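Below, each chain spelled out in residue letters.
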Amino acid sequence: MFFNSWLWRSRHLSRSPLLLLRSRSIFLASSCTTELLACQNASEHQHSRKLPSTVPRIRPWWNVSWSSSYRNPSMEAEKTVASGEDSYGNESKQASSTEFLDFPGGKVSYINELQFLSESSPVRVPCFQLLDEYGQVAEHACLPEVDKLLAVKMYRNMVLLQTMDTLFYEAQRQGQFTFYLTTIGEEAINIASAAALSNDDIVYAQYREPGVLLWRGFSLNEFANQCFTNNLDYGKGRQMPVHYGSSKLNYPTVSSPIATQLPHAVGAAYALKMENNPACTVTFFGDGASSEGDFHAAMNFAAVLEVPVLFICRNNGFAISTPTAEQFKSDGVVAKGQAYGMRSIRVDGNDTLAMYATIKAARVMAISESRPILIEALTYRVGHHSTSDDSAKYRKQDEMQHWKMIRDPVFRFRRWLEGQRWWDPEADKQLRSESRKEVLAAIRSAGPLKKPSLSSLFTDVYDSVPSNLKHQEEEVRATVSRHWSDYPSDVPL
């Protein structure tokens, strides 16, 4: 009687997602429930009964094996059932239709040994690279099709971006505007990505991708107008500096809260898919954004809806002052892609050609196959997080100098260009001189301009300004009239 009851439970209760053994409160995962685990009380109670040899032997919990490799059972079940292998690639004694669970999410094969998935792979995901730190082509590397015209344009934009960052940062330190963020050390991610995309692709940036706008034609004067928040600023002074935006260039305005742009990019990609539009959306974010809930929601929606979106993570080692080692236990950000059923790749973010080849290939896959792609670009934030940060308090000076001097993406790409005989030191000297003059001219032009008028605080939200906002404007103007000496003279009433 006991044997019949025990066998019935093994066949039917083991099908449930979690089986609670009362005396030891042990939970068994559904993928492992064909292996029977007996608690101590049950074994002591039945020690006098000898079960038939055909009944699976019970193994103690301390003698189970652990699996360090993993393949998605729902994707591989039908293959393994047909081939006579279990979901771990091992030869199975039986491969009949009763050896897998026809689960609504997909067929899941059974195994007869208790195995837990390892917390991580024993080998880290490799990093795709074409140029080494000295600009030499890596052995067996297959370079993308990049002609002289494109390569020189990419380099010129990288130098201009670097120059703009240096001079804008100095202008902020002089008190000419309130805030700034640099992209120093991450120029390759900016420019190579922009070069590989189409201007029809919609870019949802964070705040360290002005190079994408620069590549698309956003002028130095437009950058300066936004940072100085003058009356030519498209945002009318409502955004912090470096929060650029351009509807003309398919670059929605940057938002300060971390990771909020990711779900927006997925939604826009879904719209492109519904319209059969041969374009994709692209969203940039830092490693810190992967700790936000919006990141996980966006990844899941993108994978389930199968939308053409590129998730480009700039893993620069730090989320402000928090190093990646204190932020997540996984193998960086690239490992999170497979968890959501998303194709992913890790690339050297300081290698201009590798970045270009990666984004170019990812864009083709995203559009032609209507799928999201996760790209983790390994780089290093050479500058401070922002003008409000002092990274010397949490990073070693020699570490920053090593990345600035030895692993500089601009210098690496320049070495390759010179090796192709497409560039020389004299041309470089002239370019840097011209870039400096252009940036300084933009700063001098934007600085003296008036600020947006006071009335712009209350417009552009409603078609007709409601009575409560009109009342607020009246109160503000009354306050200004009472404290006229404290009101800034460059803000028109």
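Computed from a predicted model, the values in this text were never measured in an experiment.

1. Comments concerning empty space enclosed by the protein
A complete count under the given rule lists two cavities of 30 Å³ or more for this structure. Here the second largest cavity defines a volume of roughly 40 Å³.

2. Observations regarding the pairing of strand β4 (residues 100-103)
Relative to strand β5 (residues 106-109), β4 runs antiparallel, the two being bridged by four bridges. Across the sheet, the residue bridging to F103 is G106, located in β5. Connecting β4 to the next strand, β5, in antiparallel fashion are two residues.

3. Concerning helix α13 (residues 409-419)
Within α13, the full set of buried residues consists of P409, V410, R412, F413, R414, W416 and L417. Against α4 (148-173), α5 (187-196), β12 (343-348), α11 (352-368) and α14 (425-446) lie the buried residues of α13. After α13 finishes, the residue R421 shows a positive phi value of roughly 65 degrees.

4. Quick look at the environment of R346
Along the chain, the position of R346 falls in strand β12. Take R346: its relative accessible area is 4%, and that puts it in the buried class. Residues contacting R346, with those up to four places away along its chain left out, are R124, V125, P126, C127, F128, D331, G332, V333, V334, E376 and L378. At 2.9 Å, the side chain of R346 and the backbone oxygen of D331 are in polar contact.

5. Let's talk about the nonpolar core
Grouped together as the largest cluster of nonpolar side chains are 74 residues, with contacts concentrated most on M154, F168, Y180, L310 and F413. The dominant element in this core, judged by the number of residues it contributes, is α4, at 14 residues. F413 has contacts with L131, A151, M154, Y155, M158, T352 and L353, leaving out every residue within four places of it along the chain. Counting residues in hydrophobic clusters, the runner-up holds 23 residues, among them I202, L262, A265 and M299.

6. Thoughts on the packing of aromatic side chains
By the definition in use, this model includes 16 aromatic pairs. When the centroid spacing of 6.5 Å and the interplanar angle of 85 degrees are considered together, the rings of F318 and Y380 count as edge-to-face. One end of the pair, F318, is in strand β10 (residues 318-319); the other, Y380, is in the loop between β13 (373-378) and α12 (397-405), and 62 residues separate them in sequence. Comparing F318 with Y380 shows no difference in burial state: the two are buried.

7. Regarding the packing of α4 against α13
Taken N-terminus to C-terminus, the directions of α4 and α13 make an angle of 150 degrees; their axes are 10 Å apart at the nearest point. Considering their axes alone, α4 and α13 lie roughly antiparallel with respect to each other. When the axes of α4 and α13 are compared, the crossing they make is left-handed. Two secondary-structure elements touch here, α4 through A151, M154, Y155, M158, V159 and Q162 and α13 through P409, V410, F413, R414, W416 and L417. Along the lines of polarity and charge, the residues of the contact of α4 with α13 split into ten nonpolar, one polar and one charged.

8. Some remarks on the pairing of strand β9 (residues 309-315)
β9 sits mainly inside the fold: seven of its seven residues count as buried. In β9, alternate side chains face the same way, and those of V309, F311, C313 and N315 on one face and L310, I312 and R314 on the other are all buried. Chirality of the crossover, the property in question, places the unit of strand β8 (residues 281-286), helix α9 (residues 293-305) and β9 among those that are right-handed. Note: β9 against β13, six bridges, orientation parallel. Within β13, the residue paired with C313 across the bridge is E376.

9. A short note on the confidence of the model for the protein
Across the protein, the average pLDDT comes to 84, with 80% of residues at or above 70. Below pLDDT 50 for its whole length, residues 1-95 participates in 121 contacts with residues either more than four positions away or in separate chains.

10. What about the side chain of R363?
Among the structural elements, R363 can be located in helix α11. What makes R363 buried here is its relative accessible area of 17%. When residues no more than four places from it in sequence are discounted, the contact partners of R363 are A196, L197, S198, D201, P278, A279, C280 and L310.

11. Quick word on the packing of α4 against α5
Packing of α4 against α5 brings their axes to within 10 Å, and their N-to-C directions diverge by 140 degrees. By the angle between their directions, the pair α4 and α5 is classed as oblique. Our pair here, α4 against α5, has a crossing hand that is right-handed. For the pair formed by α4 and α5, the contact residues are L150, M154, N157, M158, L161 and Q162 on the first element and E187, A188, N190, I191, A192 and A195 on the second. Here the residues of the contact of α4 with α5 are counted per class, giving eight nonpolar, three polar and one charged.

12. Comments concerning the side chain of T379
As for its position among the elements, T379 is in the loop between β13 and α12. Among the polar contacts made by the side chain of T379, one reaches the main-chain carbonyl oxygen of G185 at a distance of 3.0 Å. Once residues lying within four places of it in the same chain are set aside, the contact partners of T379 are G185, E186, I189, N315, N316, G317, N350 and W403.

13. Some remarks on unusual backbone geometry
Positioned with a positive phi, T229 is a non-glycine residue whose angle comes to about 50 degrees. On the secondary structure map, T229 appears in the loop between α7 (220-228) and α8 (261-274).

14. Digging into the pattern of salt bridges
With the rule as written, the count across this model stands at 18 salt bridges. Among the ionic pairs, R314 bridges to E186, the shortest N-O distance being 3.0 Å. Of this pair, R314 sits in strand β9 while E186 sits in the loop between α4 and α5; the two residues are 128 residues apart in sequence, bridging distant segments of the chain. A salt bridge links D201 to R363, with the nearest nitrogen and oxygen atoms 2.5 Å apart. Of the two residues, D201 sits in the loop between α5 and β7 (202-204) while R363 sits in helix α11, which places them 162 residues apart along the sequence. Take D201 and R363: they sit in the same class, and that class is buried. One salt-bridge network, held together by shared partners, links R124, D331, R346 and E376.

Calculation notes
Residues numbered from 1 in each chain as written. Predicted model: local features only at pLDDT ≥ 70, side-chain atom pairs only at ≥ 80, totals over all residues. Heavy atoms only, no water. 1 Å grid on protein atoms, 1.4 Å probe; cavity = no way out; pocket = protein on both sides within 12 Å on 5 of 7 lines; lining within 4 Å. Points joined across faces, edges and corners; volume = space filled by probe spheres on them. Pairing = 2+ DSSP bridges. Helix = DSSP H or I, 4+ residues; strand = E, 2+ residues; numbered from the N terminus. Buried < 20%, exposed > 50% of the residue type's maximum accessible area, 1.4 Å probe, protein only. Contact = heavy atoms within 4.5 Å. Polar contact = N/O pair within 3.5 Å; in protein donor to acceptor, adjacent residues only side chain to side chain. Core = buried A, V, L, I, M, F, W, Y, C linked by side-chain atoms within 4.5 Å. Phe/Tyr/Trp six-rings, centres within 6.5 Å; stacked < 30°, edge-to-face > 60°. Axes fitted to C-alpha atoms, helices over the stretch in contact; angles between N-to-C directions. Parallel < 35°, antiparallel > 145°, perpendicular 65-115°, else oblique. Left-handed = near helix turned anticlockwise from the far one by under 90°. Nonpolar A, V, L, I, M, F, W, Y, C, P; charged D, E, K, R; others polar. Right-handed = clockwise from strand over helix to strand, strands pointing away. pLDDT = per-residue confidence, 0-100. Salt bridge = Lys/Arg side-chain N within 4 Å of Asp/Glu carboxyl O.

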